[in-house]
Amino acid sequence: MDPSDDVPWWHTAVIYQIYPRSFADGDGDGIGDLPGLLEHLPHLVDLGIDALWLSPVYPSPMADFGYDVADHCAIDPVFGTLADFDALVAAAHGAGLKVVLDYVPNHTSDRHPWFVEARRSVDSPRRDHYVWRDPAPGGGPPNNWRAAFGDEPAWTLDEASGQYYLHLFLPEQPDLNWDEPRVVEEMSDVLRFWMARGVDGFRADVVHCIGKGPELPDAPDELAGLPACIFDHGPGTHECLRHLRRVVDGDEPGAHLLLGETAVFDRDQQLSYLGLGDELHLAFNFLILHAQWDAAVWRHELELAYAGHDRVGAWPTWVLSNHDLPRHVTRYGSEARARAAAVTLLTLRGTPFLYQGEELGLADAVVPPERVLDPGGRDGCRAPIPWTATDDGGWGPRAWLPMPPDAAAHSVAAEAGVPTSMLEHYRRLLALRRATPALQRGAIELLDAPTGVLRWRRSLEHPATGPAVVEVAVNFTGDAVADAVSAGTVLGGTVPGGSATLDRAGRTLGPDEARVVALH
Ligand code: NOJ
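A quick note: this is a predicted structure, and the numbers were derived from the prediction, not measured.

Asker: Which parts of the structure should I look at to understand the overall build of the protein chain?
Answerer: Looking only at helices and strands, one finds 15 helices and 16 strands in the protein chain. On C-alpha atoms alone, the protein chain measures out to a radius of gyration of 23 Å, which is about the 24 Å that the 2.2 N^0.38 rule sets for 520 residues. Taken along the three principal axes of its C-alpha coordinates, the protein chain extends 75 × 50 × 45 Å. Counting the 520 residues in the protein chain, one finds 59% classified as buried. Within the protein chain, residue pairs in contact and separated by at least 24 positions form 68% of the contacts whose partners lie at least 6 positions apart. As displayed, the protein chain offers around 19,200 Å² of accessible surface, 54% of which is attributable to carbon and sulfur atoms. Across the protein chain, the 40 positively charged side chains and the 75 negatively charged ones have centroids separated by 4 Å.

In structure tokens form, the structure reads like this:
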């Protein structure tokens, strides 16, 4: 029997990120909402994902479009009500989908009642919920940390008290002080609140920043000028993570996922947040998001990522796009490459994360200066999902952001049922992964391959269904490459069945072709 049969749900799941403002609009105000999402749940079921992760839907002034939370235990009216949320969870569960919520522990909105109270006076009972410091001896911010957006100091002076407060992001996002036990307790209660409502886990926003400790030393010269949200803030974070893990595990370890948005550039630092199996269950690996589409670069990245995860005994994650970066069609410069990238993402060992709209092959919207909304310049990848085959994708003239390029042609309506579409490509890949335990849980071995090709094998002893050994070969170049893949039974790839133009039993990969082959 396969020893990995008994694995937590997130090892075999494909998790799909919903950016709720842009997914589906139920009430016609131009902003996506929970009723819209509920109505379009069948799209996700037909796609074949296993879990959805919702970017924040909590009450928020929307300075950072929901990542500035003003109440952790409610729903912003723009998205709907708690009853809408409960209905969504019930429907998702009924359809066999898990629901993961964004959890924003590093900061709140400056309109959160805790900050409003904390700001009232230095003697406020909630003052220590946030990080306050006197000005530096010569005046000015207490240390040299930079905020994430706009190359500004990570400190804002509160004129009334003469003290600065810390914000690793916008001034409207003051950092919580996790050295204050009541913060730890109240933020743990937030997790308990949502678990009691049925959610299956959390994606914890910039969770590697929470345990900063009281000292807040200046960044060393080599880091000065970089945003402080990428720093290793020391042992405090690990202590907090062990605590959060205990809360999320409760008395049912394996039921609820704690996934960390470990957006750092140092691999060992990223891996450190997995602890000794006692911190995060999964940590996002964003290094791949910054890798160019090149076989040698990817091979190097995969080797290091697998070696690192094996060393700490952790399960990897893979992601190509999210709401913070240009979409991969835009980054890689072509839909053909994006198709090959999708084969890669969905056949590697590790949990794949999809970002809404990548299954339609969306590129970033072109946002004219007068429509720019996000202080971080990320509007393009947040454009609304086109549902109908019309220029407005069914959103009408009030859509909060411009539609992506060629919205009608990339809509769900235009792509569904068309074998050559990106949507059907994703559906086939997701069905293949689900039907092939060797792809979900098998070991991975990177193989030698001609220049420009990446090739690996997945193997699982005695799988309940499907082949025990599967080979994947991806041509990262725009030229055909001979002797690039083993002969075997073709299970899938970038060339849809029935319309192959190449000798599919042969060992040549066409330009930008990826192929999945069963060997045994
Ligand atoms: C990471 C989120 O993904 C991003 O959208 C947000 O702006 C920052 N964290 C701050 O919460």
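There is more to say after this.
Asker: I keep staring at the packing of helix α12 (residues 335–345) against helix α14 (residues 422–435) and nothing clicks. Help me out?
Answerer: Packed helix pairs are specified by the crossing angle of their axes together with the interaxial distance, meaning the distance between the axes. The geometry of α12 relative to α14 is characterised by a closest axis approach of 10 Å and an angle of 15 degrees between their N-to-C directions. On the basis of the axis angle, α12 is roughly parallel to α14. Considering only the axes of α12 and α14, their crossing is right-handed. For the pair α12 and α14, the contacting residues are Glu335, Ala338, Arg339, Ala342, Val343 and Leu345 in the first and Met422, His425, Tyr426, Leu429 and Arg433 in the second. Taken together, the residues that form the contact of α12 with α14 break down as 7 nonpolar, 1 polar and 3 charged.

Asker: Explain the domain arrangement of the protein chain to me, please; I cannot follow it from the model alone.
Answerer: A common way to express how large an interface is: the accessible area buried when the components associate. Splitting the protein chain by domain gives domain 1 (12–108 + 181–432), domain 2 (113–166) and domain 3 (442–518). For domain 1 versus domain 3, the separation of C-alpha centres amounts to 29 Å. Taken together, the contact between domain 1 and domain 3 spans 22 residues of the former and 21 residues of the latter. Between domain 1 and domain 3, the buried area comes to about 1,900 Å², and carbon and sulfur atoms account for 71% of it. One can count 0 salt bridges joining domain 1 with domain 3. On inspection of domain 1 and its partner domain 3, the count reaches 5 residue pairs in polar contact (both at pLDDT 80 or more). Counting residues per element, the ones that place at least two in the side of domain 1 that touches domain 3 are α10 (295–312), α12 and α14. Looking at side-chain class alone, the side of domain 1 that touches domain 3 contains 11 nonpolar, 4 polar and 7 charged residues.

Asker: Could you clarify how one ought to interpret the side chain of Arg327 in this entry?
Answerer: Looking at the secondary structure, you find Arg327 in the loop between β10 (317–319) and α11 (328–332). Buried and unpaired, Arg327 has Asp364 as its nearest opposite-charge partner, separated by 4.5 Å. With sequence-adjacent residues up to four places away left out, Arg327 is seen in contact with Ser321, Tyr355, Gln356, Gly357, Glu358, Leu362, Ala363, Asp364, Cys381 and Ile385.

Asker: Would you explain the packing of aromatic side chains in this entry?
Answerer: The geometry of two aromatic rings is summed up by the distance between their centres and the angle between their planes. Applying the stated criterion to the full structure yields 22 aromatic pairs. Plain terms: the ring middles of Phe65 and Trp400 are 5.2 Å apart, the flat faces sit at 55 degrees to each other, and that makes the pair tilted. Taken together, the residues Phe65 in the loop between β2 (51–54) and α5 (82–94) and Trp400 in the loop between β11 (351–355) and α13 (412–415) connect sequence positions 335 residues apart. By relative accessible area, which is 9% here, Trp400 ends up buried. Aromatic side chains Phe85 and Trp194 sit 5.0 Å apart centroid to centroid with 75 degrees between the ring planes, which places their arrangement in the edge-to-face category. With Phe85 in helix α5 and Trp194 in helix α7 (residues 181–196), the pair connects residues that are 109 residues apart, well separated along the chain. With respect to burial, Phe85 and Trp194 carry one shared label: buried. One aromatic cluster is present, formed by Trp53, Phe284, Phe286 and Phe353 through successive ring pairs.

Asker: What exactly am I supposed to notice about the sheet that holds β10 here?
Answerer: Two orientations exist for strands paired in a sheet by backbone hydrogen bonds: parallel and antiparallel. Pairing in this open sheet of 8 strands is parallel, and the strands run β9-β8-β7-β3-β2-β1-β11-β10 from one edge to the other. The open sheet terminates on both sides in strands that have one partner only, identified here as β9 (282–283) and β10. The pairing of strand β1 (residues 15–18) with β2 spans 4 bridges and is parallel. The residue bridging Tyr16 from the neighbouring strand is Leu52, located in β2.

Asker: Explain α5 to me, please; I cannot follow it from the model alone.
Answerer: Because an α-helix packs 3.6 residues into every turn, residues spaced three or four apart end up facing the same way. Here α5 is 13 residues long and its end C-alpha atoms lie 18 Å apart, about the 18 Å a rise of 1.5 Å per residue gives. When α5 is considered as a whole, its buried residues turn out to be Phe85, Leu88, Val89 and Ala92. Summarising the axial view, the buried residues of α5 lie within an arc of 95 degrees, below the 170-degree limit, and thus occupy one face. In this structure, α5 carries Ala83, Ala90 and Gly94 as exposed residues pointing more than 90 degrees from its buried face. Of the surrounding elements, those touching the buried residues of α5 are α3 (34–39), α4 (41–47), β2, β3 (98–103) and α7. A positive phi of about 80 degrees marks Gly96, the residue just after α5.

Asker: I tried to follow the site of the ligand on my own but got confused; where do I start?
Answerer: Neighbouring the ligand are 13 residues, the closest being Asp64, His107, Asp205, His323 and Asp324. At 2.5 Å, a side-chain N or O of Asp64 approaches an oxygen atom of the ligand. Contact with the protein chains hides 97% of the accessible area of the ligand, taken as 300 Å² for the molecule alone. By residue class, the composition of the shell around the ligand is 4 nonpolar, 2 polar and 7 charged.

Calculation notes
Residues numbered from 1 in each chain as written. Predicted model: local features only at pLDDT ≥ 70, side-chain atom pairs only at ≥ 80, totals over all residues. Heavy atoms only, no water. Helix = DSSP H or I, 4+ residues; strand = E, 2+ residues; numbered from the N terminus. Rg over C-alpha atoms; globule rule 2.2 N^0.38 Å. Buried < 20%, exposed > 50% of the residue type's maximum accessible area, 1.4 Å probe, protein only. Contact = heavy atoms within 4.5 Å. Areas by Shrake-Rupley, 256 points an atom, 1.4 Å probe, with all protein chains shown as cover. Lys, Arg positive; Asp, Glu negative; His and termini not counted. Charge placed at Lys NZ, Arg CZ, Asp CG, Glu CD. Axes fitted to C-alpha atoms, helices over the stretch in contact; angles between N-to-C directions. Parallel < 35°, antiparallel > 145°, perpendicular 65-115°, else oblique. Left-handed = near helix turned anticlockwise from the far one by under 90°. Nonpolar A, V, L, I, M, F, W, Y, C, P; charged D, E, K, R; others polar. Domains from an automatic or database assignment. Buried area = accessible area lost by both parts, 1.4 Å probe. Salt bridge = Lys/Arg side-chain N within 4 Å of Asp/Glu carboxyl O. Polar contact = N/O pair within 3.5 Å; in protein donor to acceptor, adjacent residues only side chain to side chain. Phe/Tyr/Trp six-rings, centres within 6.5 Å; stacked < 30°, edge-to-face > 60°. Pairing = 2+ DSSP bridges. Expected span 1.5 Å × (residues − 1). Arc of directions from axis to C-beta. Near = heavy atom within 4 Å.

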